[in-house]
Amino acid sequence: MEPKMQRMFDRAEIIRLVQSWGFLRDDHRWDELRALYAPDALQTTSWSVGTATEFIDRCIAGAKKPAARRSMHSIGASIIEINGERALAETRRTILTRAVVHGIEVDVTNHGRSFDWLVRLDGEWKIKLRSGIYERDRMDPVDPAKTITLDAVELAKYPEGYRHLAYLQAGAGERISPHLPTPNSATLAKLYADGRAWLDGKA
């Protein structure tokens, strides 16, 4: 295959992978979700920092709870860089979560991006590392006639980029990571620098 055609094919496959992740995660298609990751893959979210296997196992356990949160990932456009058998993909995404907070049913909307390191294994692209980048969020009662009062001290514990999502998840017993990538943060700068070094074969 000509190099230009190969790059077009690779981009299409990576976009398909990234978009599939959201559908498979939300539809609880766990075996298919596992197949998107490399064997040693890592996954970072607001409530899970560790291996992709641990992340999926926790998703499965959470989905079995009687009062499980309902979430949907809306996937947007991607920017992709490819260097041989490695690639970086940064993709717009919105997380929509419905749950009960302080006895009130709410929707939390979190806008951000996913940042994926990808490797080609046996001719197929796989996720080696996936990290969320959290830009901004909000919490709204599902019933507009109702109001909800949040604990201001608790809310202020979490970075602005995922403050309301973290508040909801912490209230459900999750341990929240306090230093995830947000706009203009040192954590985001390091994520980009590490990704670039890895793509260039320097790490």
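Let us look at the structure shown here. No experiment lies behind these values; they were computed from the predicted model shown.

**Things to note about the overall build of the protein chain**
Along its length, the protein chain carries 6 helices and 6 strands. Taken from the N to the C terminus, the helices and strands of the protein chain come in the order α-α-β-β-α-β-β-β-β-α-α-α. For 203 residues, the compact-globule estimate of 2.2 N^0.38 gives 17 Å, and the protein chain sits close to it at 18 Å. Considered along the principal axes of its C-alpha atoms, the protein chain spans approximately 60 × 35 × 25 Å. Expressed as a percentage of the 203 residues in the protein chain, the buried residues total 44%. Counting contacts in the protein chain only where the partners sit at least 6 residues apart, residues at least 24 apart contribute 60% of the total. A total of about 11200 Å² of accessible surface is found on the protein chain, and carbon and sulfur atoms cover 53% of it.

**A word on the nonpolar core**
Core analysis: the biggest nonpolar cluster contains 40 residues, and I14, L33, Y37 and L118 have the highest contact counts within it. For L118, the contacting residues outside a window of four places in its chain are I14, L17, E85, R86, A87, L88, A89, W125, K126, I127, K128 and W198. Counting 11 residues, the second-largest nonpolar core is a separate cluster that includes L88, F115, L129 and L199.

**Quick look at the sheet that holds strand β3 (residues 70-83)**
An order of β2-β1-β6-β5-β4-β3 is seen for the 6 strands of this open sheet, with the pairing classed as mixed. Each of the sheet's edge strands pairs with one partner strand only, and the pair in question is β2 (49-51) and β3. Strand-to-strand twist of the sheet, defined as the mean angle between neighbouring strand axes without regard to direction, takes the value 15°. As paired strands, strand β1 (residues 37-44) and strand β6 (residues 124-141) are joined by 4 bridges and run parallel to one another. If you follow T44 over to β6, its bridge partner there is S131. Helix-sheet contacts for helix α5 (residues 163-171) involve β4 (86-101), β5 (104-121) and β6, and the interaxial angle to β6 is about 95°.

Cut-offs and rules
Positions within a chain are numbered from 1, following the residues in the order the chain's sequence is written. The model is predicted, so local features are restricted to residues of pLDDT at least 70 and side-chain atom pairs to those at 80 or more, both for listing and for counting; the totals for chains, interfaces and linings are taken over all residues. For side-chain calculations, the full set of non-hydrogen atoms in the structure is used, while hydrogens and water are omitted. Put simply, DSSP H or I for four residues or longer makes a helix, DSSP E for two residues or longer makes a strand, and each gets a number counted from the N terminus. Within these notes, the globule rule equals 2.2 Å times the number of residues to the 0.38 power, and the radius of gyration is based on C-alpha atoms. Buried residues are those whose accessible area, probed at 1.4 Å on protein chains only, stays under 20% of the maximum for their type, while exposed residues exceed 50% and partly exposed ones sit between those limits. Any two residues having at least one pair of non-hydrogen atoms within 4.5 Å are treated as being in contact. Accessible areas in this description were obtained via Shrake-Rupley with a 1.4 Å probe; residue shielding takes into account the shown protein chains only. Buried Ala, Val, Leu, Ile, Met, Phe, Trp, Tyr and Cys residues form a nonpolar core when they are joined through side-chain atoms within 4.5 Å. For two strands to count as paired, DSSP must find a minimum of two bridges between them. The axes used here are C-alpha line fits, helices contributing only the stretch in contact, and every angle between their N-to-C directions lies in the interval 0 to 180 degrees.

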